[in-house]
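Chain by chain, the residues:
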Amino acid sequence: MTDVIVIGGGPAGMLAAVSASEAGADVLLLEKNEKLGKKLFITGKGRCNVTNSASQDLIIKNIVSNPKFMFSALKAYGNTDICEDIESQGIKLKEERGGRIFPVSDHSSDVIRALKNMLEKAHVSVKLGTAVKDISAYDGSFKLILNNGSSKECRALVIATGGVSYPSTGCTGDGYAFAKKSGHTVVTPVPSLVPLEIKENWCKELQGLSLKNTGLKMYSGNRPVFEDFGEMLFTHFGVSGPMVLSASSYYPVKKNDDCRIVLDLKPALTDEMLDERLVREFSEKHEKHFINVLPDLLPAKLVPVICSLSGISAHKKCGDVTKEERRKLVIILKNLEMHISGTRGFDEAIITKGGISVKEVSPKDMMSKIVPGLFFAGEILDLDALTGGFNLQIAWSTGHAAGEGAAAYAMTDIH
């Protein structure tokens, strides 16, 4: 009988296996794909945003669901710990904008190689192409039925099978079924860090337009739920880009018809300053048609859309634009509203929001409060964060805690 079996060869699973082995346990890592770290390979657009250099308090602030649950795991194994472990394998890391940490090579494969080295040095047994079909608990131990019909037994079990985002990488929600079978509550998984679909048809006209230095607010009803400043992109279905992906973390799970995004296209100017600028523009170019002055204020693709929304005739001379028309234009430029009809699917989502309820898991060692000896790590848990390396840090910290916890449980004389 093996001391610890870890199901899932992603970042949380690999670190759990290493931690359990380093704590003295005999460890077997099972991965259903033909290689380890399949999803890790595509993270950060293939560059792998390992973690973020932020303080623990700031990391907690960037965790959207159940941030307090992460206090002890982050304290025990934080961003400096994972960086040291990866660099100890000869992979140099660098810091970029917003505290994001990447390998100097910009290749996620180097991070995977470091983790593989750690597994080898820790003498972890790894079985690839091995899916778990069933799990049963008996007499304080666990029996696993594998896809080839054989079985494995262990004293402690770590489930780190991920969520359901990017299902092509093997994240197909297997762990949820195992957790439910053992009596755990699974908070309904939904796509997160995902593009948003927009109701307004004019959005499609802006397809391919990228905006920088733009203000964004998201409202659920009249309640502001998210605010940011930065980059975004218009698509054939709605909006995407860094700000939008982060905003999606706050999209209500219960569909709200009045969930909307409001863009500030001129965030450096107050309403009064923008109005003064329009007065100057229209005065200096009073003989020009309204639509021919807008390119001085906006990207070309936005011109016909803003012209239409303003209600001002495209060929009206600027000198004839009324104060009331100008006031409406200011409102649109500072408060461009788009109503959200939903998110894109799991195949476009970076992470999964939802998962195993953390109320049923010990925050110190990730052990189930329902089934002794059963541990969870990574995206399978109801934990998610904004972009910037924070989700991977959740994986590292929970993986480390689960690995150490599983080893400690397996090697006690209680069972």
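Residues numbered from 1 in each chain as written. Predicted model: local features only at pLDDT ≥ 70, side-chain atom pairs only at ≥ 80, totals over all residues. Heavy atoms only, no water.

Colleague: Looking at this structure, I do not really get the overall build of the protein chain. What am I missing?
Modeller: Within the protein chain, the secondary structure is distributed over 13 helices and 20 strands. The principal-axis extent of the C-alpha atoms belonging to the protein chain is close to 90 × 40 × 35 Å. A buried classification covers 55% of the 415 residues belonging to the protein chain. For the protein chain, the accessible surface area stands at approximately 18,100 Å², while carbon and sulfur atoms represent 51% of it. Of the charged side chains in the protein chain, 49 are positive and 49 negative, and the gap between their average positions amounts to 3 Å. (Helix = DSSP H or I, 4+ residues; strand = E, 2+ residues; numbered from the N terminus. Buried < 20%, exposed > 50% of the residue type's maximum accessible area, 1.4 Å probe, protein only. Areas by Shrake-Rupley, 256 points an atom, 1.4 Å probe, with all protein chains shown as cover. Lys, Arg positive; Asp, Glu negative; His and termini not counted. Charge placed at Lys NZ, Arg CZ, Asp CG, Glu CD.)

Colleague: What exactly am I supposed to notice about the packing of aromatic side chains here?
Modeller: Both the distance between ring centres and the angle between the ring planes are used here to describe each pair of aromatic rings. Under the defined criterion, the tally for this structure stands at three aromatic pairs. Judged by centre distance (5.4 Å) and plane angle (25°), the rings of phenylalanine 226 and tyrosine 250 are stacked. Here tyrosine 250 lies in the loop between α8 (242–248) and β16 (259–264) and phenylalanine 226 lies in strand β14 (residues 223–234), a separation of 24 residues in the sequence. A relative accessible area of 27% means that tyrosine 250 is categorised as partly exposed. Arranged with centres 6.1 Å apart and planes meeting at 75°, the rings of phenylalanine 282 and phenylalanine 290 form a pair that is edge-to-face. The same class applies to phenylalanine 282 and to phenylalanine 290, which are both buried. A cation over an aromatic ring shows up here: arginine 47 above the ring of phenylalanine 102, its NZ or CZ 3.8 Å from the ring centre. (Phe/Tyr/Trp six-rings, centres within 6.5 Å; stacked < 30°, edge-to-face > 60°. Lys NZ or Arg CZ within 6 Å of the ring centre and 35° of its normal.)

Colleague: How should the sheet that holds strand β5 (residues 93–95) be read in this particular structure?
Modeller: Taken together, three strands build an open sheet; the order of strands is β3-β6-β5 and the sheet is antiparallel. Looking at the sheet topology across the chains shown, the edges are occupied by β3 (51–52) and β5. Where β3 and strand β6 (residues 100–103) come together, two bridges link them in antiparallel fashion. Paired with threonine 51 across the strands is isoleucine 101, a residue of β6. (Pairing = 2+ DSSP bridges.)

Colleague: Before we go on, may I ask you to explain the pairing of strand β2 (residues 27–30) in this structure?
Modeller: The two faces of the sheet receive side chains in turn, since in a regular strand these alternate between them. Of the two faces of β2, the one carrying Val27 and Leu29 and the one carrying Leu28 and Leu30 are both buried. One ladder, built from four bridges, connects strand β1 (residues 2–7) with β2; its direction is parallel. Bridging across to β2, valine 4 finds its partner in valine 27. After leaving β1, the chain enters helix α1 (residues 11–22) and then returns to the sheet as β2, a path that is right-handed. Bridge count between β2 and strand β7 (residues 125–127): three bridges; the pairing is parallel. (Right-handed = clockwise from strand over helix to strand, strands pointing away.)

Colleague: Which parts of the structure should I look at to understand the pattern of salt bridges?
Modeller: Note on pairing: side chains with opposite charge can pair once their charged atoms come close. Enumeration over the complete set of coordinates arrives at 22 salt bridges. Between arginine 155 and aspartate 3 there is a salt bridge; the shortest N-O distance is 2.9 Å. You can see arginine 155 sitting in strand β10 (residues 151–159) and its partner aspartate 3 sitting in strand β1, a full 152 residues away along the chain. Residues glutamate 337 and arginine 260 are paired through a salt bridge, measuring 3.1 Å at the closest nitrogen-oxygen approach. With glutamate 337 in strand β17 (residues 336–343) and arginine 260 in strand β16, this pair connects stretches of sequence that are 77 residues apart. Exposure remark for glutamate 337: the relative accessible area of 34% places this residue in the partly exposed category. Salt bridges linked by common partners bring Arg47, Lys94, Glu96 and Asp106 together as one network. (Salt bridge = Lys/Arg side-chain N within 4 Å of Asp/Glu carboxyl O.)

Colleague: Help me understand the packing of helix α9 (residues 271–284) against helix α12 (residues 323–334) in this model?
Modeller: It is the contact of α9 with α12, at a shortest axis distance of 10 Å, that shows an interaxial angle of 125°. One way to sum up the angle between α9 and α12 is to call them oblique. You can see that α9 and α12 cross each other, and the crossing is right-handed. Taken together, the residues of α12 that come into contact with α9 (itself represented by Asp271, Leu274, Asp275, Leu278, Val279 and Phe282) are Arg326, Leu329, Val330, Leu333 and Lys334. Tallied by class, residues from the contact of α9 with α12 come to seven nonpolar, no polar and four charged. (Axes fitted to C-alpha atoms, helices over the stretch in contact; angles between N-to-C directions. Parallel < 35°, antiparallel > 145°, perpendicular 65-115°, else oblique. Left-handed = near helix turned anticlockwise from the far one by under 90°. Contact = heavy atoms within 4.5 Å. Nonpolar A, V, L, I, M, F, W, Y, C, P; charged D, E, K, R; others polar.)

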